[in-house]
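# Observations on the three-dimensional arrangement
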Amino acid sequence: MKDRSKVIFGNEISKKSYRKAVRGKRRYAKKYGDDSAKSYPVHIKKNACLFEPLGVKDIRVADGAGECDFDAEKSLIVGNIRMGFGHYRISIAMASAAHALGYTPYWMDLNSYPETTCTKVIGAQNDLYSLGSRLSQKSRLFNKLVWEPMNYEGFRQLSYNAADQKNAELMAAVFKNIPKDIPVIGTHVWPAQAALHAGMKYVVNAIPDNWPMALHLAEGSVHLIQTRQSYFGYRILNGMNKKKVLKPMPADSLKYTGHYIDHELVFNIEKDCALRLKRKEEGKPMRFLLTIGGAGAQRELFAAVIKHLMPAIKENRAALYINVGDYKKVWEALKHDVPGLNVITKTHFDNWEDTKSFCAKAIDGEVSGVHAFCHENIFEAVYCTNLLMRSADVLMTKPSELAFYPVPKLFLKRIGGHEKWGAIHSAEYGDGTLECEDVAHTLQMTDMFLNEDTLLREMCEAIKTNKTIGLYDGAYKAVEIAMQLKK
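## Thoughts on the sheet that holds strand 15 (residues 394-397)
Taken together, seven strands build an open sheet; the order of strands is 13-14-12-11-15-16-17 and the sheet is parallel. The sheet terminates laterally at strand 13 (345-349) and strand 17 (432-435), the two strands that pair on one side only. Taken over all neighbouring pairs, the strand axes of this sheet differ in orientation by 15° on average, direction set aside. Where strand 13 meets strand 14 (residues 369-374), five bridges bridge the pair, whose relative direction is parallel. Note on strand 14: the bridge partner recorded for Thr347 is Ala372.

## Section: the sheet that holds strand 5 (residues 75-80)
Across the sheet, eight strands lie side by side as 3-4-6-5-7-8-9-10; this open sheet has mixed pairing. The open sheet terminates on both sides in strands that have one partner only, identified here as strand 3 (42-46) and strand 10 (254-256). Within this sheet the neighbouring strands show an average axis-to-axis angle of 30°, counted without direction. For strand 5 and strand 7 (residues 184-186), the ladder comprises three bridges, and the chain directions are parallel. Within strand 7, the residue paired with Ile77 across the bridge is Val184.

## Some remarks on the nonpolar core
If you look at the biggest cluster of nonpolar residues, it comprises 100 residues, and the most contacted ones within it are Phe288 and Leu334. By residue number, the principal contributor to this core is helix 11 (residues 299-314), which donates nine residues. Excluding residues within four positions of it along the chain, Phe288 makes contact with Leu309, Ala318, Ala319, Leu320, Tyr321, Val394, Met396, Thr446, Phe449 and Leu450. Tyr32, Val42, Ile77 and Ala198 belong to the second-largest nonpolar core, a separate cluster that totals 40 residues.

## Here's the deal with a positive patch on the surface
On the surface, Lys15, Lys16, Arg19, Lys20, Arg23, Arg26, Arg27 and Lys243 cluster together to form a positively charged patch. By the element assignment, Lys243 lies in the loop between helix 8 (228-235) and strand 10. Assessed through its relative accessible area of 80%, Lys243 is described here as exposed.

## A word on the packing of aromatic side chains
For the structure shown, the criterion picks out 13 aromatic pairs. When the ring of Phe70 is compared with that of Tyr106, the centres are 4.9 Å apart and the planes differ by 50°; the resulting orientation is tilted. Of this pair, Phe70 sits in the loop between strand 4 (57-61) and strand 5 while Tyr106 sits in strand 6 (residues 104-109), and the two are 36 residues apart along the sequence. There is no split in this pair, since Phe70 and Tyr106 are both buried. Consider the rings of Trp331 and Phe349, whose centres lie 6.1 Å apart with planes at 90°: the pair is edge-to-face. You can see Trp331 sitting in helix 12 (residues 328-337) and its partner Phe349 sitting in strand 13, a full 18 residues away along the chain. Three or more aromatic residues link up through ring pairs in this structure, and these residues are Tyr88, Trp107 and Phe379.

## Quick word on the side chain of Lys166
Of note, Lys166 is situated in helix 6 (residues 158-168). Lys166 has contacts with Asp3, Ser5, Tyr18, Ala21, Val22 and Lys25, leaving out every residue within four places of it along the chain.

## A closer look at the environment of Asn238
If you trace the backbone, Asn238 turns up in the loop between helix 8 and strand 10. With a relative accessible area of 37%, Asn238 lands in the partly exposed category. The sequence separation of Asn238 and Arg228 amounts to 10 residues, and the corresponding C-alpha distance is 14 Å. Setting aside residues no more than four positions away along its own chain, Asn238 makes contact with Arg156 and Gly233.

## A few points about a nonpolar patch on the surface
A cluster of nonpolar side chains, namely Leu141, Leu145 and Val146, defines an oily patch on the protein surface of about 300 Å² accessible area. Note on placement: Leu145 falls in helix 5 (residues 140-154). We classify Leu145 as exposed; its relative accessible area is 56%.

## Quick notes on helix 6
The buried fraction of helix 6 amounts to eight of the 11 residues, a majority that puts the element mostly inside the structure. Those residues of helix 6 that sit buried are Leu158, Asn161, Ala162, Asp164, Gln165, Lys166, Asn167 and Ala168. Contact partners of the buried residues in helix 6: strand 1 (7-8), strand 2 (11-12), helix 1 (15-32), helix 4 (117-138) and helix 7 (189-197).

## Quick look at the packing of helix 4 against helix 5
At a minimum axis distance of 7 Å, the contact between helix 4 and helix 5 shows a crossing angle of 135°. On the basis of their axis angle, the class for helix 4 and helix 5 is oblique. By crossing handedness, the relation of helix 4 to helix 5 is classed as left-handed. For the pair helix 4 and helix 5, contact is made by Tyr129, Gly132, Ser133, Leu135, Ser136 and Lys138 and by Arg140, Phe142, Asn143, Trp147 and Asn151, respectively. The residue makeup of the contact of helix 4 with helix 5, split by class, is four nonpolar, five polar and two charged.

Here is what the cut-offs are and how they apply
Residues numbered from 1 in each chain as written. Predicted model: local features only at pLDDT ≥ 70, side-chain atom pairs only at ≥ 80, totals over all residues. Heavy atoms only, no water. Pairing = 2+ DSSP bridges. Helix = DSSP H or I, 4+ residues; strand = E, 2+ residues; numbered from the N terminus. Axes fitted to C-alpha atoms, helices over the stretch in contact; angles between N-to-C directions. Core = buried A, V, L, I, M, F, W, Y, C linked by side-chain atoms within 4.5 Å. Buried < 20%, exposed > 50% of the residue type's maximum accessible area, 1.4 Å probe, protein only. Contact = heavy atoms within 4.5 Å. Patch = residues over 30% accessible without salt bridge, like charges linked within 9 Å, V, L, I, M, F, W, Y side chains within 5 Å. Areas by Shrake-Rupley, 256 points an atom, 1.4 Å probe, with all protein chains shown as cover. Salt bridge = Lys/Arg side-chain N within 4 Å of Asp/Glu carboxyl O. Lys, Arg positive; Asp, Glu negative; His and termini not counted. Charge placed at Lys NZ, Arg CZ, Asp CG, Glu CD. Phe/Tyr/Trp six-rings, centres within 6.5 Å; stacked < 30°, edge-to-face > 60°. Parallel < 35°, antiparallel > 145°, perpendicular 65-115°, else oblique. Left-handed = near helix turned anticlockwise from the far one by under 90°. Nonpolar A, V, L, I, M, F, W, Y, C, P; charged D, E, K, R; others polar.

Structural data, given as structure tokens:
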């Protein structure tokens, strides 16, 4: 196993930082074990939620023997973790594009194999990240002094990548019995790093967000970025060592692709935008889509938005979709926070067939009132938002992975400093608002969407124009790049 923590793209890591990275790995190994010598059985099964629409098959590791039927020519592994919903959503986009291009997407979630050291290490870090996200929304002081600096500058430093690379050595065992010539697209850096440590030959690292950070580096892979701004930041490793200018990434290790978007959303852009404008012209209820992310934060902001929309909903000037993901407790809290919400809401809870039917009918049909969605199955919880986007008029979201989707967007306050650049990018391309950094500005922007047609019309036109320049083709390009590596 190559030591990827000492030198990163020709830049030597200080002895102090390297020793710290080694100690971090030892602590995890002491707490969760080191299974590098183990040979876990691997088998394949159809994904219960995503096989029917996207052909997705799950790679199961260490949970019993079974059929292992990789397609030698058409296989593509989408390596991911559940950390919030964003990396799952990007993975769904990759699987959708792979399916549309005639390949078989295999889903490999490194955070879903509880017997392995890999999952234990990722799970521990995921718990910390989720806790930090929630605390940042409850404490301005914690957000200002800890969370924003960590997400903006802490993760940006090359020394952080050295530590991650050491930890990723403990994740490689899950790839041991995977054929090494199957291309891998990692939608989080840890699957990409783990794949490389395990000897996978063709690895693509799909970087999220629009703020270059060393956190996302996996030397040995082809790095993909969604924005031109990020290209220059990553190419020169800008700001990733506060004391000096770094040696740049080689040109062939970094490629611009555009946004990672599902085939179904890209293919239907013109139709969906036309229907949005038609509903506005005919005075139909404007459909707002609120999504609770995987960390479960921003409940108080959501409650304020829902309260503000209640009169318009009752007057049939607005309709509201609320997807709380797999956080039913958030829905219970919202019912408490917003008097009368439960009375006018149609719930679609843990009934995937009902959810799919509603989403399909809503594209061309009539919608009124409030519709709430909650699914215990993580795939259903995430994919529900993707399905709802086609019939939504305005997506209300923090500027994370959803900032790149081709639907008119009202940006809520960010969680973590790195996210603000997603809103800036979207506003520059015309398919989203500026980030609304407080409740008052969020409600102001809500009223502008509701009471005039300018924002909706201009965003729909921008989305259609953006499609013509390939802005939303990133997932297709990612799949093509991964498969070309093998050729």
